[in-house]
Amino acid sequence: MANLRCGRFTLSLERPLVMGVVNVTPDSFSDGGRFADAEAAISHARAMIDEGVDLVDVGGESSRPGAAPVAEAEERGRVLPVVRALRDFPVSVDTRHAGVMRAALDEGASMINDIEALQAPGALVAVAATDCAVCLMHKKGDPANMQDDPQYADVVAEVREFLATRVAACERAGIARERIVADPGFGFGKTVEHNLTLLKRLPELSLPGVPLLAGWSRKSSLGRITGRDTGGRLAGSLAAALLALLGGARILRVHDVKETRDLVMVWEAWKRA
Ligand code: 8Y4
C-alpha cells in the first residue's frame, strides 16, 4: 500500500487520513494580539492531536468566499509560531505565497496545502527544495469573486485536466509523485451542482499514485442543501466525508476530528467485512 512522503514523516495511506483545520486568524472578541491568536491555535491543534488527528492544516489567511487577502508578513507572523510549537507532529501550512512556504518549511512544516496549486512565483521551487508533501487544489477565480456565477463546459474534465497539468509541473520541478496530493477544491468557484457532480464522479479525478484530498467540512454547499448555518453542519459534513471516501478520497480535511475518526473507523470496518 502507498505512503505519502511528508518531510520527516511517512504517512501510510492504507487507511484514510484525517487532516484537522487550524485557523490562525485574529479573534475579534479579544485584544490579546498575535501572541494570543497563536496560543489559541496551538491549543486547538493539541486538542485535535489528542483526538487522533493524522495531520493538522495551519492557515493564516482566510480563503472563504469574499475574504480579503492578508499581507504576507502578517500571514507569516500568524503561522510560524504555530508551526514551531507543533513541529514534532505532521503540520501542513495552508498558504499561496512562496515566502511563507519557505519560512514555514524552515520552521519544520511537513506539507504545503496550496489553494493555488503552486502557481505563484517561486512556489514550485520552494517546495522542490525540500522533502515536504504538497496538496494541489483546483479553484476557479479568486476568493473575492469565485462564487459569482462560476461556469464550466464540463466541470469534471476541467478539474481533472488542471490537476494533471499541475502534477506534471511538480514532477518537472523535481517533486516526486509520492509527495503529491490532489484536491478538486470543493466550494472554490463551484456551485452546489458542480460540487455534487465532482463528489459523485470523484473516481474520474484519480491520477495514478496521487491520493485525493476532499474538503467538505461545514462548507456553504452543505448549508444550501440542509438549510443549516456553519454550527449545524456536522451531520452533513460527515455524510459528504463518507461519500468522498466511497469515491476514493484518502485524506479528509475537517473541523470535527473525533466524529470524522469514528466515521473512518466505520468505513474501514465496512470495507473489511
Ligand atoms: C465554514 C468553515 C464554512 C469553513 C466554510 C469554510 C479547502 C482548503 C479551504 C479544501 C484544501 C473552508 C484552505 C475553505 N478549503 N484546502 N482550504 N481543500 N486543500 N471554508 O477544500 O474551509 S478553506
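For the structure, see preceding data.
Keep in mind the model is a prediction, meaning the values are calculated, not measured.

Trainee: Whenever I open this one, the pattern of salt bridges confuses me. Can you help?
Mentor: Think of it this way: side chains of opposite charge can pair up when their charged atoms draw near. Within this structure, the stated rule accounts for 14 salt bridges. Its salt-bridge partner being R84, residue E107 comes within 3.0 Å of it at the nearest N-O pair. In this pair, E107 sits in the loop between α3 (98-106) and β6 (111-114) while R84 sits in helix α2 (residues 72-85), placing the two residues 23 residues apart along the sequence. Of the residues examined, R84 reaches a relative accessible area of 44% and is grouped as partly exposed. K139 is the partner of E116 in a salt bridge, and the nearest nitrogen-oxygen pair spans 3.7 Å. Separated by 23 residues along the polypeptide, E116 in the loop between β6 and α4 (123-128) and K139 in the loop between β7 (133-137) and α5 (155-172) bring together distant segments of the chain. K139 carries the same exposure label as E116, and that label is buried.

Trainee: Please clarify how the packing of aromatic side chains should be interpreted in this entry.
Mentor: The description of two aromatic rings rests on the distance between their centres and on the angle between their planes. A complete count under the given rule lists two aromatic pairs for this structure. Judged by centre distance (5.1 Å) and plane angle (45°), the ring pair of F186 and W216 falls under tilted. Of this pair, F186 sits in the loop between β8 (180-183) and α6 (192-200) while W216 sits in the loop between β9 (212-214) and α7 (220-226), placing them 30 residues apart in sequence. Here W267 and W270 contribute two aromatic rings whose centre-to-centre distance is 5.4 Å and whose plane-to-plane angle is 35°, an arrangement assigned as tilted. Residue W267 and its partner W270 are both found in helix α9 (residues 257-272); the two are separated by three residues, about one turn of the helix. By relative accessible area, which is 7% here, W267 ends up buried. Judged by relative accessible area, which is 56%, W270 ranks as exposed. The cationic tip of K140 hangs over the ring face of Y152; the distance from NZ or CZ to the ring centre is 4.5 Å.

Trainee: Explanation requested: empty space enclosed by the protein in the structure shown.
Mentor: Here the idea is plain: a probe the size of a water molecule rolls over the atoms and shows the empty space left. Evaluation of the coordinates by the stated rule reveals one cavity of 30 Å³ or more. For the largest cavity, the calculated volume is near 100 Å³. Lining the largest cavity are 15 residues, with W216, S217, S237, A241 and V254 positioned closest to its centre. Contributing elements (two or more residues each) for the lining of the largest cavity: α8 (234-246) and β10 (249-254). For the lining of the largest cavity, the element with the highest residue contribution is α8, accounting for six residues. For the lining of the largest cavity, the class distribution of residues is nine nonpolar, four polar and two charged.

Trainee: How should I be thinking about the packing of α2 against α3 in this particular structure?
Mentor: Axis angle and axis distance: for two packed helices, these are the angle between their axes and the distance between the axes, and together they describe the pair. The geometry of α2 relative to α3 is characterised by a closest axis approach of 10 Å and an angle of 20° between their N-to-C directions. By the criterion of interaxial angle, the relationship of α2 to α3 is roughly parallel. Crossing hand, α2 versus α3: right-handed. Of α3, the residues touching α2 (which contributes E72, E75, R76, L80 and V83) are G99, V100, A103 and A104. A per-class count over the contact of α2 with α3 returns five nonpolar, one polar and three charged.

Trainee: Looking at this structure, I do not really get the pairing of β7. What am I missing?
Mentor: Looking along a regular strand, one sees side chains alternate from face to face of the sheet. Of all the five residues making up β7, five are buried; the element is thus mostly covered by neighbouring parts of the structure. Here β7 shows a buried face lined by A133, C135 and M137 and a second buried face lined by V134 and L136. On the question of chirality, the crossover connecting β6 to the parallel β7 by way of α4 is right-handed. Where β7 meets β8, four bridges bridge the pair, whose relative direction is parallel. Bridging across to β8, M137 finds its partner in D183. Running through α5, the crossover from β7 to the neighbouring parallel element β8 is right-handed.

Here is what the cut-offs are and how they apply
Residues numbered from 1 in each chain as written. Predicted model: local features only at pLDDT ≥ 70, side-chain atom pairs only at ≥ 80, totals over all residues. Heavy atoms only, no water. Salt bridge = Lys/Arg side-chain N within 4 Å of Asp/Glu carboxyl O. Helix = DSSP H or I, 4+ residues; strand = E, 2+ residues; numbered from the N terminus. Buried < 20%, exposed > 50% of the residue type's maximum accessible area, 1.4 Å probe, protein only. Phe/Tyr/Trp six-rings, centres within 6.5 Å; stacked < 30°, edge-to-face > 60°. Lys NZ or Arg CZ within 6 Å of the ring centre and 35° of its normal. 1 Å grid on protein atoms, 1.4 Å probe; cavity = no way out; pocket = protein on both sides within 12 Å on 5 of 7 lines; lining within 4 Å. Points joined across faces, edges and corners; volume = space filled by probe spheres on them. Nonpolar A, V, L, I, M, F, W, Y, C, P; charged D, E, K, R; others polar. Axes fitted to C-alpha atoms, helices over the stretch in contact; angles between N-to-C directions. Parallel < 35°, antiparallel > 145°, perpendicular 65-115°, else oblique. Left-handed = near helix turned anticlockwise from the far one by under 90°. Contact = heavy atoms within 4.5 Å. Right-handed = clockwise from strand over helix to strand, strands pointing away. Pairing = 2+ DSSP bridges.

Read these as spatial facts, not as claims about activity.
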